[in-house]
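Report on the structure
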Amino acid sequence: MSDKTYGFETLSVHAGAAPDPATGARAQPIYQTTAYVFEDADHAAALFNLQTVGFIYSRLSNPTNAALEARLATLEGGRGCTVASSGHAAQVLALFPLMQPGAEIVASSRLYGGSLQQMKNTYPKFGWKAEIVDADTPDNFKRAVTENTRCFFIESLANPGGVVSDIEAIARIAEAAGVPLLVDNTLATPWLCKPIDYGATLIVHSTTKFLSGTGTSMGGAVVDSGKFDWSVKGSTGGGKFPSLAGPEPAYHGLNFHETFGDMAYTFHSHAVGLRDLGPTQAPFNAWLTMLGIETLGLRMERHCANAIRVARHLEKHPAVAWVNYAGLPSNRYHQLGKKYLPRGTGSVFTFGVKGGYDVGVKVVDGVELFSHLANIGDAKSLIIHPASTTHRQLSDEQRVAAGAGPDVLRLSIGIETVEDIIADLDQALARATA
Ligand SMILES: *Cc1c(COP(=O)(O)O)cnc(C)c1O
């Protein structure tokens, strides 16, 4: 199948998966195996030398995972992909070839809370430093660059406030600084936004969310555009990315950039990243995620159509103080949303209830169709009151700064009948304010 000629929905169903050559099975088989028999000693040696592409051990690669990787690389318009056991595992895997002790990340302050947590408290244990900047002013990235900067990290559409990043402007600054731009595309999915088209180098996903789509499977992915020159030098003349474009001691001195060209990053992620860090995705999760992606376009269309209807309804609701959704013309990210996510700005957004904390808690207790839980991107509608759950360890000031003040409720609008979604919110709001 020559991918170039097909539309997104066709590729969502077919890319990476042909009928099984051994059995004719039309559905993608689940290769639930740990290891793979070598043809002979020469074949085994060639596999270990990366002179031939094939399977050795499922911590490094697996045929079911490889099918998902091919599908995601195609849908994002990238060159290669590596799947991981979760979105957070994918982020560590994505940064690993770029970083070393003393290296710095410049990251948006609007990242998913769990990602900021990684940046602030866990990466420093590896000797990695994160400079957190307000991405609403792209020039903040330029100001934060130092000789040690090795990447920029943003989200295309940020959780939970519907913040849209100016990807093109930030990509230009990254290019001038000679560093790759990583974009977390979890909330948008490639159906709504393809950051590589705007200059992103690497895409990370929590496939746990909209890609798998039904709240069944943890997973993550890193997609490489294949466009970055890893042999770029720093201002003092040394190579900036020695793991990729120098002799890699973790792989008997192999130079991945010289050996694999635009597949260097993806080969390194499998041969060194997955091998040594080990955050491998289970083939069953990869299989469920591929099944989910088959309906990605249909689901995202409905997620977005439902979300804008709910947002408009809440904006007029007497018990609601404000609604923060980039799809609404009143929202400050509306214009950026039109540019980067013209089909819709996803289905995760926040709103504020009049009456603050007490009313917020009563709403989550009063919903019947919505599920009160800590997740997004399910076919089912989800709700959470961040101040009493995900953000409860923070001070009041920190909560407000993180967009999780006492009155805030976060919704992930599902694909149910929209009138039912609205009716459930109406009855919960009525009971909470009675
Ligand atoms: C959930 C999420 C993650 C983390 O993914 P997990 O699969 O939960 O590890 C990262 N980024 C964003 C935007 C997310 O929503």
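Our subject is the structure that appears above.
In short, a report on the structure. (Residues numbered from 1 in each chain as written. Predicted model: local features only at pLDDT ≥ 70, side-chain atom pairs only at ≥ 80, totals over all residues. Heavy atoms only, no water.)

Things to note about the pattern of salt bridges
A complete count under the given rule lists 13 salt bridges for this structure. A salt bridge links Asp 139 to Lys 142; the shortest N-O distance between them is 3.7 Å. Placement of the pair is Asp 139 and Lys 142 together in helix H6 (residues 139-144), with a separation of 3 residues, close to one helical turn. Note that Asp 276 and Arg 275 form a salt bridge whose closest N and O atoms lie 2.7 Å from each other. (Salt bridge = Lys/Arg side-chain N within 4 Å of Asp/Glu carboxyl O. Helix = DSSP H or I, 4+ residues; strand = E, 2+ residues; numbered from the N terminus.)

Here we look at empty space enclosed by the protein
Per the stated rule, a full pass over the model turns up 1 cavity of 30 Å³ or more. Forming the boundary of the largest cavity are Ser 58, Arg 59, Leu 60, Ser 61, Asn 65, Glu 69, Val 83, His 270, Leu 274 and Thr 280. Elements with a minimum of two residues in the lining of the largest cavity: helix H3 (63-76) and helix H11 (264-277). Looking at the lining of the largest cavity residue by residue, the classes come out as 3 nonpolar, 5 polar and 2 charged. (1 Å grid on protein atoms, 1.4 Å probe; cavity = no way out; pocket = protein on both sides within 12 Å on 5 of 7 lines; lining within 4 Å. Points joined across faces, edges and corners; volume = space filled by probe spheres on them. Nonpolar A, V, L, I, M, F, W, Y, C, P; charged D, E, K, R; others polar.)

Looking at unusual backbone geometry
Backbone geometry at Thr 189 places phi at a positive 65°, although glycine is not the residue there. The residue Thr 189 is located in helix H8 (residues 189-192) in this model. Assessed through its relative accessible area of 0%, Thr 189 is described here as buried. Located in the positive-phi region is His 252, a residue other than glycine, with phi close to 35°. Along the chain, His 252 falls in the loop between helix H9 (242-245) and helix H10 (256-260). Judged by its relative accessible area of 57%, His 252 falls in the exposed class. (Buried < 20%, exposed > 50% of the residue type's maximum accessible area, 1.4 Å probe, protein only.)

A word on the sheet that holds strand E9 (residues 220-224)
Judged by pairing direction, the sheet is mixed, and its 7 strands sit side by side in the order E1-E9-E8-E7-E4-E2-E3 without closing on themselves. The open sheet has two edge strands with one neighbour each: strand E1 (80-84) and strand E3 (129-133). Taken pair by pair, the neighbouring strands of this sheet meet at an average axis angle of 20°, ignoring direction. For strand E2 (residues 104-108) and E3, the ladder comprises 5 bridges, and the chain directions are parallel. Note on E3: the bridge partner recorded for Glu 104 is Lys 129. On the sheet, H3 packs against E1, strand E8 (202-206) and E9 and is oriented at approximately 125° with respect to E1. The sheet strands contacting helix H5 (residues 113-122) are E2, E3 and strand E4 (149-155), and the helix crosses E3 at an angle near 135°. (Pairing = 2+ DSSP bridges. Axes fitted to C-alpha atoms, helices over the stretch in contact; angles between N-to-C directions. Contact = heavy atoms within 4.5 Å.)

What to know about the sheet that holds strand E14 (residues 408-412)
The mixed open sheet is built from 5 strands, whose spatial order is E10-E11-E14-E13-E12. Every interior strand has two partners, whereas the edge strands, strand E10 (320-324) and strand E12 (371-372), have only one. Here strand E13 (residues 382-384) runs beside E14; their pairing, made up of 3 bridges, is antiparallel. What sits directly across from Leu 382, in E14, is Ser 412. Packing of helix H13 (residues 296-315) onto the sheet brings it into contact with E10, strand E11 (348-353) and E14, and relative to E11 it is tilted by some 15°.

Digging into helix H17 (residues 418-433)
Here H17 is 16 residues long and its end C-alpha atoms lie 23 Å apart, about the 22 Å a rise of 1.5 Å per residue gives. Those residues of H17 that fall on the buried side of the exposure criterion are Val 418, Ile 421, Ile 422, Asp 424, Leu 425, Ala 428, Leu 429 and Ala 432. Buried residues of H17, viewed axially, fall in a sector of 160°; they line one side. (Expected span 1.5 Å × (residues − 1). Arc of directions from axis to C-beta.)

Quick look at the pairing of strand E7 (residues 181-184)
Here E7 shows no split at all, with Leu 181 and Val 183 on one side and Leu 182 and Asp 184 on the other all buried. Where E4 meets E7, 4 bridges bridge the pair, whose relative direction is parallel. Note on E7: the bridge partner recorded for Ile 154 is Val 183. Taken together, the 3 bridges between E7 and E8 define a ladder with parallel strand orientation. Looking at the pairing, Leu 182 lines up with Leu 202 of E8.

Points about the environment of Cys 81
Relative to the assigned elements, Cys 81 resides in strand E1. In sequence terms Cys 81 and Asn 65 are 16 residues apart; their C-alpha atoms lie 9.9 Å from each other. Beyond its immediate stretch of four places on either side in the chain, Cys 81 contacts Glu 69, Leu 72, Ala 73, Ala 221, Val 222, Val 223, Thr 266 and His 270.

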